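An overview of the molecular structure
What follows is the residue order along each chain.
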Amino acid sequence: DLTRLPPALGVRLRLTALRTQAPLASSLSGVSATRPARPADAGPTAAPADAAPRGPFGALLRLLRHLWCLLLNLVRRLLGRPAKPCGPATRLPAFEPVVHEAVPGKRVVVRGVVLEPFERVAALVAVRPEAPLPPGESWTFDVQQWVGEELVGGGRYVVSVEGERDDPRKQRGGDDLTPPPTHDITSDRETVERIEREAEPLRYVPPFAREIVEKREQEQERR
C-alpha cells in the first residue's frame, strides 16, 4: 500500500518465484511497467557465510567483531553519519531477474498466490527519490498479506529523508526560536493574562495534583 508515499518517491519491486492461480502478468496490479533487471537493481547481496570458526574461539571472535562494530557506530554518530547494523547478517532469497515499477501513490497487489504449508515468498522493495524532497520528512507504506477479504499479516515501513526538518518557528536570519506570546518578554501583562484566561478551559490537571496546583496558585496570588 503506497498511497501515503509522495509521487516523488519511486518504488520498484523484485519478487521471488511465485505460483499464482492465473499468470503473473494478469495477477499483478498497480504496476506501470515491467522490465528486465539491471545491475543497479541488484540490491543487497546475500550474506556470506560466517568465516569465524566454531567453538569458544569462534564465539570470542564474533564477540570482538560485534564490539568493534559498536565502536565504529559510535564514531559514525559523532560524525553525524548513520550507523550500520551490528547483528548477524540476513540471508536473502533469490529474486527473479524482473523489475516491476509501481504506480506512484497506488496499491500494488499480487492476487491468487499459492503457498504450501511453511512456504515463504518475498519481495525486494527499492524506494528511491525521483525528485527533490524536503529534508527530515518521513512517510510510511504497508506490506500486507490477505486471505480472501481478511487481513492476516503484514508490517509498516518508514521512509525517511536525510537531513533536518525546517522549523517554521525559526526567525528569519537566525537560528533562535521565536517564543510563544506567553513567554515573550515583549508581551505586555494584559496580553499574557488574556491568553491564559482563554486557555483555562483547555487545561487538564490530574486528580492527584489538583490540591497541589490550587495551593501553588494561591501562593502566587499572595505574591
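Details of the structure are given in the entry above.
Rules used throughout
- Residues numbered from 1 in each chain as written.
- Predicted model: local features only at pLDDT ≥ 70, side-chain atom pairs only at ≥ 80, totals over all residues.
- Heavy atoms only, no water.
- Helix = DSSP H or I, 4+ residues; strand = E, 2+ residues; numbered from the N terminus.
- Buried < 20%, exposed > 50% of the residue type's maximum accessible area, 1.4 Å probe, protein only.
- Contact = heavy atoms within 4.5 Å.
- Areas by Shrake-Rupley, 256 points an atom, 1.4 Å probe, with all protein chains shown as cover.
- 1 Å grid on protein atoms, 1.4 Å probe; cavity = no way out; pocket = protein on both sides within 12 Å on 5 of 7 lines; lining within 4 Å.
- Points joined across faces, edges and corners; volume = space filled by probe spheres on them.
- Polar contact = N/O pair within 3.5 Å; in protein donor to acceptor, adjacent residues only side chain to side chain.

Scanning the protein for helices and strands turns up four helices and eight strands. Scanning the protein from its N terminus toward the C terminus, one meets helices and strands in the order β-α-β-β-α-β-β-β-β-β-α-α. In the protein, which comprises 223 residues, the proportion classed as buried is 17%. When contacts within the protein are restricted to residue pairs at least 6 apart in sequence, long-range pairs at least 24 apart make up 70% of them. Put simply, the protein shows about 17,700 Å² of open surface, and 57% of that area lies on carbon and sulfur atoms.

Moving on, we come to unusual backbone geometry. Positive phi, normally seen in glycine, also occurs at phenylalanine 118, with a value near 70°. Turning to its location among the elements, phenylalanine 118 is positioned in the loop between β5 (109–110) and β6 (123–129).

Turning our attention to the layout of surface pockets. By volume, the largest pocket amounts to about 1,400 Å³. In this structure, the largest pocket is lined by 34 residues; those nearest its centre are Val108, Val110, Val143, Gln144 and Gln145. At the level of elements, β1 (9–15), β5, β6, β7 (138–147) and β8 (150–160) are the ones that each hand at least two residues to the lining of the largest pocket.

Its place among the elements puts glutamate 130 in the loop between β6 and β7. On the basis of relative accessibility, which here comes to 47%, the residue glutamate 130 falls in the partly exposed class. Each C-alpha atom, one on glutamate 130 and one on glycine 10, is 5.9 Å from the other, the two residues being 120 residues apart in sequence. In contact with glutamate 130, other than residues within four places in its own chain, are Ala8, Leu9, Gly10 and Arg12. Looking at glutamate 130, its side chain comes within polar contact range of the side chain of arginine 12, at 3.2 Å.

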